[in-house]
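# Examination of the molecular architecture
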Amino acid sequence: MKLRRTALAFILILASPVLARDALGIFGTWGAFRDAEPERCFAIAEPIEPSSGKWKPFVSVSHWPKQNIRGQLHVRLSRERSEDKFVYLTIDDRRWRLTAGKADAWSLSAAHDAYIIARMRAGRSMSITTVAATGGGFADTYSLKGAATAIDAAALGCAAPR
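To keep things clear, this report deals only with the structure shown in the data block.

Criteria and thresholds
- Residues numbered from 1 in each chain as written.
- Predicted model: local features only at pLDDT ≥ 70, side-chain atom pairs only at ≥ 80, totals over all residues.
- Heavy atoms only, no water.
- Helix = DSSP H or I, 4+ residues; strand = E, 2+ residues; numbered from the N terminus.
- Buried < 20%, exposed > 50% of the residue type's maximum accessible area, 1.4 Å probe, protein only.
- Core = buried A, V, L, I, M, F, W, Y, C linked by side-chain atoms within 4.5 Å.
- Disulfide = S-S within 2.5 Å.

### Describing unusual backbone geometry
Going from E37 to P38, the amide bond is cis rather than trans, its omega being -5 degrees. When you line up the elements, P38 lands in the loop between β2 (30-35) and β3 (40-45). For N68, which is not glycine, the phi torsion reads 60 degrees and is therefore positive. Note that N68 resides in the loop between β4 (58-64) and β5 (69-76). Looking at N68, the relative accessible area reads 65%, which means it is exposed. One non-glycine residue with positive phi stands out, namely D92, at about 55 degrees. Relative to the elements of secondary structure, D92 occurs in the loop between β6 (87-91) and β7 (94-100).

### Examining the nonpolar core
The biggest cluster of nonpolar side chains holds 31 residues, and the ones touching the most others in it are W30, L89, M120 and M126. With 5 residues, helix α3 (residues 147-157) is the largest single contributor of residues to this core.

### A few points about the state of the cysteines
Inspection of the entire model under this criterion finds 1 disulfide. A sulfur-sulfur separation of 2.1 Å characterises the disulfide bridge that pairs C41 with C158. Classification of the bridge connecting C41 and C158 rests on its S-S torsion, roughly 85 degrees, and on that basis the disulfide is right-handed. With C41 in strand β3 and C158 in the segment after α3, this pair connects stretches of sequence that are 117 residues apart.

In short, shape yes, function no, at least from these values alone.
Below is the structure:
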């Protein structure tokens, strides 16, 4: 029940009066949304442990129909990372290095996105690890409960031209 309240709070934070955002559904610890401008649909979750940082960390899988982008992984880290350290995503026993900026990370290619998403569908949890700019390692851990359904809802939300 606490996770569902957390997800609803996260949805309210994401909802902005400026954006025309449609909620497509809440599935376990994941939500699916559609934005009108720019046109995109995405499945999104926040880490199991709340962040005390400057921003809200999340992981999302997005679809941008006008750019012909389907299933793009994006991670917002809970804190700024050390620029000389890699960011890793781990699902079950499989680990990938991500490409990263100061506080965001993405997979290396569309093929990596597809493989990671397939593993997300079958996995129980995933974590993103790196070293903070202030030193010391950290991990953002996510439940994958509901991820597959939210990813499907987001894909369907942008499947038909509007």
